[in-house]
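# Understanding the architecture of this molecule
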Amino acid sequence: MVSKYTMGRKQGAGHRVSAISVRHPLNQRTHSEITKIARLCTVVALAILVVLSLSDLSALSWTARPKWPPINTVYPLNKDQKKEDKEFNWADITPGPSPIQWHRCYDDELDCARLNLPMDWQQPEATNSSTSERRVNLAIVRLRAAVPSNSPDYRGPVVFNPGGPGGSGIWSLRDHGRNLQTIVGTNHDIVSWDIRGVGASTPRINCWASTQDRVYWDLQDPGVVDAHEGTVFEAFARAAAYSQVCERNLEESGILEHSSTAYHARDMLAILEAMGEEKLKYWGFSYGTVLGGTFAAMYPDRVERMVNDGNVDYEDWYNGTYINFLHDTDKVMQAFYTFCHSAGPDRCAFYASSPHAIKSRLDTLLTKLRTHPILIPQGQLPSPSGIPSNPSSPSLASTKPYHVPQLVTYSHIRRMLSTALYQPILRFPHIARVLSSLEAGNALPYHQYTLSDYPPPAPSSPTTCEADDQDDKPPLTFIPKEEAGNPDVFPAVMCSDALPFTSTPHDFALYAQKLLNISQAAGAVQASVRLLCAGRTARPRWEPFNSSLLFKDVQTAHPVLFVSNEFDNVTPLISARKNARGFKGARVVVQRGSWGHTSLAAPSVCMAKVIRRYLVSGEMPREEKEGVECWGDVVPFGEVYEDAEGQRSDKDGDEDEELRGALWRLSMRRRRRGQFGGL
């Protein structure tokens, strides 16, 4: 019998699936076959840029870049990072049981471990079924404290989750773990991990059998749901088809049935115990607040400290309604109009005589783009090196995968604007320049802006054209893979947590219209959140929680701290207050005069000090009528902190300057955003 793995149904890191069904050595292939392979590579390479444009803001988890280059450049490859990655391979660490065995990794700057755990926590000791053979290997990373663990000043580990829920804790800690450590105190270790299905944890959740399959699928993206009549129904059918592909391709691994938040919370407890810790210190962002709140409700006596930052409404999440998350979205968009006007034409390229005039200017541009997308003719889009493409020059052939015309559409700009709302301080000045250029018919700045988020692979990259011989390893043996995030994990976790999706296409059309009524700025883009569960039939072995019972009068060992910006585009302040009511003694800290997603979107030394004191000593902020208040240190289009790299703070050791530098470095990370994204 022919194995299904030889028929192109393999997923996962390290498994590049051949585009040819019959495989044999290259030197035995005919000239015709080689020509076919070359043509396939060419087609996929030319498709890559289109995918980058269409999926520009559709990733379901955030990722960050250490630097945001100027708007007229494309983000370069980090050669040092590539060299470092070759020197350390997660597959070289043998997964083990508790206690954790740490290995020095990444030039000895970090400690890494792989922890082998039951896939099914409901039957962890099963011996008479295939369940006992199913295990997960969690990849864990630690940034060591500045003091030894036997020092009286050592405060233990702080575990953090970056959100997503497809965000990689490994990648996030490597990227900005030191800045988080500066905030919580360098006498803490900082620990994170890749949750089930993500990155270096195995088995991975990959819905597509190959990179080409994902590319071809993304090319069919119909755009945001209000682009034209019928898009809602097309999007519904597309979501159901995607769900069926995921369930079929991942059925044998069993991972979809064991990837709900309850499993992640139980995994976090296992990590805690494997490190020899009795209680948890935790800082969770976005989806990480769902994980944190669930852990606290399941294991209240294990909570030493818990900061939930950028709160997803627990009731919305577990019921699968997803309504409240857009409560303040248009207020964040209003900040663009207000602060662009107050900044003046020198600081805001989209300036007009009043905030209302700026909004009208944008509405006019969007209306025009609905019927008149802007064309970038063939050969005009810059190559990754910044040199304009020139198809007639053979010498540039290897540096320019952009040989096809490109369109910038209404959907593209809607997605761009929705993403900018996550980081107003960082992104608003740049999108103002993009919008001004689009008014003049120039779409190049838009593509340069989005390509900085998505450095394209080279046309000959194995991730682009995968026609080499492959082996036939089943999904459970997938090699660990480092990645910033895995978009397939978002729906796997969200749909497992929620009640079964039973809406018809007409039901969803009504829901989409409701979101459009709530938020003009992002309702059309964010309607796809709930739609991701269309067609899902796989249900978690660990039954979903009744949120009204789980989060009711929870008495944790130490009160929980809930943190929120005054205006958060996807996790509004009302959610933090609502969540806090379920935990006895909890406090809500409001970061006033701050816009964007999580407290780290807008620097506040006051907030950083509240979090540090809470994690170090357990100090609870004084309760106020509407919650404890801090204020943000800057507004959109305001002055950028002159010492963002922390040079002055490193010199004089001043606490405020040290915190301000770390906060600015975090806020200046350019992040790829998606629904309920994290750091």
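Scroll up to find the structure this text is about.
A brief report on the enclosed structure follows. Please read these numbers as outputs of a predicted model, since none were measured by experiment. The written sequence of each chain sets the order in which its residues are numbered from 1. Selection of residues for local features in this predicted model requires a pLDDT of at least 70, selection of side-chain atom pairs for listing and counting requires 80 or more, and totals for whole chains, interfaces and linings are taken over all residues. To obtain the side-chain values, all non-hydrogen atoms of the structure were included, while hydrogens and water were left out.

## Some details on the pairing of strand β3 (residues 110-118)
Quick note on the threshold: Only protein chains enter the area calculation, which uses a 1.4 Å probe; residues under 20% of their type maximum are buried, those over 50% are exposed, and those in between are partly exposed. Secondary structure is summarised from DSSP: a helix means a run of H or I of at least four residues, a strand means a run of E of at least two, and numbering begins at the N terminus for each. Strands are treated as partners if at least two bridges between them are detected by DSSP.
Counting buried positions along β3 yields eight of nine residues, so the element is predominantly enclosed. Bridge count for strand β2 (residues 103-105) against β3 is three bridges, and the pairing is antiparallel. Note that in β3 the partner of His103 across the bridge is Cys112. The antiparallel hairpin formed by β2 and β3 contains four residues in its connecting segment, where Tyr106 sits at a positive phi of about 50 degrees. Note that β3 and strand β4 (residues 135-143) share eight bridges and pair antiparallel. Its bridge partner lying in β4, Arg114 is registered against Ala139.

## Things to note about the packing of aromatic side chains
Worth spelling out the cut-off: Aromatic pairing here means that ring centres of Phe, Tyr or Trp (its six-membered ring) are within 6.5 Å. Orientation follows from the plane angle: under 30 degrees is stacked, over 60 is edge-to-face, and everything else is tilted. Only lysine NZ and arginine CZ atoms are considered, and such an atom sits over a ring when it is within 6 Å of the ring centre and within 35 degrees of the ring normal.
Tallying each qualifying case throughout the model produces 24 aromatic pairs. Their ring planes at 45 degrees and their centres at 6.1 Å tell us that Phe236 and Phe501 sit as a pair that is tilted. Within this pair, whereas Phe236 is found in helix α5 (residues 231-250), its partner Phe501 is found in the loop between α14 (489-497) and α15 (505-518), the two being separated by 265 residues in sequence. This pair shows no difference in class: Phe236 is buried, exactly as Phe501 is. Taking NZ or CZ as reference, Arg174 lies 3.8 Å from the ring centre of Tyr106, over its face. The ring of Tyr511 carries the charged tip of Arg530 above its face, separated from the ring centre by 4.7 Å.

## Brief notes about the pattern of salt bridges
For clarity, the cut-off: Salt bridge, as applied in this entry: a Lys or Arg side-chain nitrogen positioned within 4 Å of an Asp or Glu carboxyl oxygen.
All chains considered together, the criterion is met by 26 salt bridges. A salt bridge links Arg142 to Asp111; the nearest nitrogen and oxygen atoms lie 2.7 Å apart. Taken together, the residues Arg142 in strand β4 and Asp111 in strand β3 connect sequence positions 31 residues apart. For the pair formed by Arg142 and Asp111, the shared burial category is buried. For Asp656, the salt bridge goes to Lys609, with nearest N and O atoms at 2.6 Å. Here Asp656 is found in helix α22 (residues 655-667), whereas its partner Lys609 is found in helix α20 (residues 605-617), with 47 residues between them in sequence. Judged by its relative accessible area of 22%, Lys609 falls in the partly exposed class. Residues joined by salt bridges that share partners form a network here, namely Arg104, Asp111, Arg142 and Arg144.

## Notes on unusual backbone geometry
Cis geometry is found at the peptide bond from Gly164 to Pro165, where omega equals 5 degrees. On the secondary structure map, Pro165 appears in the loop between β5 (157-161) and α3 (169-184). For the bond running from Thr202 to Pro203, omega is 0 degrees, close enough to zero to count as cis. Inspection of the secondary structure assignment puts Pro203 in the loop between β6 (189-193) and α4 (211-218). For Phe637, which is not a glycine, the phi torsion comes out positive at approximately 65 degrees. In this fold, Phe637 is placed in the loop between β13 (628-631) and α21 (647-652).

## Things to note about the sheet that holds strand β7 (residues 280-285)
Strand pairing in a sheet takes place through backbone hydrogen bonds and is either antiparallel or parallel in direction. For clarity, the threshold we go by: Axis lines are fitted through C-alpha atoms, for helices just across the contact stretch, and the angle between N-to-C directions can take any value from 0 to 180 degrees. The criterion used for residue contact is that any of the two residues' heavy atoms lie within 4.5 Å.
The strand order across the open sheet formed by 10 strands is β2-β3-β4-β6-β5-β7-β8-β11-β12-β13, and the pairing between neighbours is mixed. Each end of this open sheet is capped by a strand with a single partner; those strands are β2 and β13. Within the sheet, the average angular offset between the axes of one strand and its neighbour, ignoring direction, is 25 degrees. Contacts between α3 and the sheet are confined to β3, β4, β5, β6 and β7, with β6 contributing the most and set at about 155 degrees to the helix.

## As for the side chain of Lys281
Short version of the rule: Residues counted as positive are Lys and Arg, residues counted as negative are Asp and Glu, and His and the chain ends are not counted. Here a polar contact is taken to be a pair of N or O atoms separated by no more than 3.5 Å, where protein atoms must pair a possible hydrogen donor with a possible acceptor and residues adjacent in sequence count only if both atoms sit in side chains.
Mapped onto the elements, Lys281 comes out in strand β7. Buried charge Lys281 goes without a salt bridge, the closest partner of opposite sign being Glu304 at 4.4 Å. Engagement of the side chain of Lys281 in a polar contact is seen with the backbone oxygen of Arg155, the distance being 3.3 Å. Excluding residues that lie within four positions of it along the chain, Lys281 makes contacts with Arg155, Pro157, Val158, Val159, His188, Glu304, Arg305, Leu615 and Val616.

## Notes on a negative patch on the surface
The following threshold applies: In this scheme, patches are assembled from residues that exceed 30% relative accessible area and form no salt bridge. Like charges are connected within 9 Å, while nonpolar side chains (Val, Leu, Ile, Met, Phe, Trp, Tyr) are connected within 5 Å. Surface accessibility follows the Shrake-Rupley procedure with a 1.4 Å probe radius. Residue values consider only the protein chains on display as shielding. Lys charges are placed at NZ, Arg charges at CZ, Asp charges at CG and Glu charges at CD.
Judged by side-chain charge, Glu87, Asp107, Asp108 and Glu109 come together as a negatively charged surface patch. Among the secondary structure elements, Glu87 is positioned in helix α2 (residues 79-87).

## Notes on α15
We count it as follows: Expected helix span is given by 1.5 Å per residue-to-residue step, counting one fewer step than there are residues. In this context, the arc is that of the directions from the helix axis out to the C-beta atoms.
Given a rise of 1.5 Å per residue, 14 residues ought to cover 20 Å, and the 20 Å separating the end C-alpha atoms of α15 matches this to within 8%. All of the buried residues in α15 are Phe508, Tyr511, Ala512 and Leu515. Projection of α15 onto a plane perpendicular to its axis shows the buried side chains occupying an angular sector of 100 degrees, all on one side. Exposed side of α15, more than 90 degrees from the buried face: His506, Leu510 and Asn517 are the residues found there. In this fold, the buried residues of α15 make contact with α5, α16 (523-526) and α17 (528-531).

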